[in-house]
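# Close look at the chain arrangement
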Amino acid sequence: MKLVKKTALFGIGGGGYVCLELLYRGYSHLSMFAAGGTCFLLIGVLGRLRVPPIVKVLFGTVAVTTVELFTGLLVNRNYEVWDYRAQPGNFLGQICPQFAALWVPLTALALGLYKVADWGLDWVLLKEK
């Protein structure tokens, strides 16, 4: 049951990430689904920490930006998925401060969404027993 729940949470995060990209720039890439799912699971771990919410948000922002960097280094070597080389402060054209800053409010929202999805999946999965 834990695997089913984690898979569902991964799918929610991956789908949400792709939807954000579709809304923002009109297209996405399969790798963004994997990155989004990974980020959502990491945010879920952060949500269970006993630290102030702002710390969770800041750690989440760093986690998402790090996942984006590694995803970019793996699948975006030719800058066909995204290209931040023209952005000030970019790192290898894969991440930049401007887009990392967008993850602050989005991480805060994701922390709440994860909590609701986690509870909802518990309810659905327990109801099936």
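Whatever comes next refers back to the structure up there.
Residues numbered from 1 in each chain as written. Predicted model: local features only at pLDDT ≥ 70, side-chain atom pairs only at ≥ 80, totals over all residues. Heavy atoms only, no water.

### Re the overall build of the chain
Along the chain, the regular secondary structure elements total 4 helices and 0 strands. N-terminal to C-terminal, the α/β element order of the chain is α-α-α-α. At 15 Å, the chain has a C-alpha radius of gyration in line with the 14 Å of a compact globule built from 129 residues. Projecting the C-alpha coordinates of the chain onto the three principal axes gives extents of approximately 50 × 30 × 25 Å. A total of 129 residues make up the chain; the buried ones form 36% of that total. For the chain, contacts bridging at least 24 residues in sequence account for 57% of all contacts bridging at least 6. (Helix = DSSP H or I, 4+ residues; strand = E, 2+ residues; numbered from the N terminus. Rg over C-alpha atoms; globule rule 2.2 N^0.38 Å. Buried < 20%, exposed > 50% of the residue type's maximum accessible area, 1.4 Å probe, protein only. Contact = heavy atoms within 4.5 Å.)

### Some remarks on the nonpolar core
Counting 21 residues, the largest nonpolar core has Leu9, Met32, Phe40, Ile43, Val64, Trp82 and Tyr84 as the members making the most contacts within it. Of all the secondary structure elements, the ones that give two or more residues to this core are α1 (2-25), α2 (30-47), α3 (53-75) and α4 (97-128). In terms of residues, this core owes the most to one element, α4, which gives 7 residues. Once you skip the residues sitting within four places of it in the chain, isoleucine 43 turns out to touch Val64, Thr107, Ala110 and Leu111. (Core = buried A, V, L, I, M, F, W, Y, C linked by side-chain atoms within 4.5 Å.)

### A word on the packing of α1 against α2
The interhelical angle for the contact between α1 and α2, taken along N-to-C directions, is 125 degrees, at an axis separation of 7 Å. Considered as vectors, α1 and α2 are oriented oblique to each other. Helix-helix and strand crossings are classified by hand; for α1 and α2 the assignment is right-handed. Here Lys6, Leu9, Phe10, Gly11, Ile12, Gly13, Gly14, Gly15, Tyr17, Val18 and Glu21 of α1 lie close against α2, whose contacting residues are Met32, Phe33, Ala34, Gly36, Gly37, Thr38, Phe40 and Leu41. Across the contact of α1 with α2, the residue classes tally to 10 nonpolar, 7 polar and 2 charged. (Axes fitted to C-alpha atoms, helices over the stretch in contact; angles between N-to-C directions. Parallel < 35°, antiparallel > 145°, perpendicular 65-115°, else oblique. Left-handed = near helix turned anticlockwise from the far one by under 90°. Nonpolar A, V, L, I, M, F, W, Y, C, P; charged D, E, K, R; others polar.)

### Let's talk about unusual backbone geometry
Phi is positive for tyrosine 79, close to 60 degrees, though the residue is something other than glycine. With respect to the secondary-structure elements, tyrosine 79 resides in the loop between α3 and α4.

### With respect to the environment of cysteine 19
Topologically, cysteine 19 is positioned in helix α1. For cysteine 19, a relative accessible area of 44% gives the class partly exposed. Distance in space between the C-alpha atoms of cysteine 19 and lysine 6 is 20 Å, their sequence separation being 13 residues.

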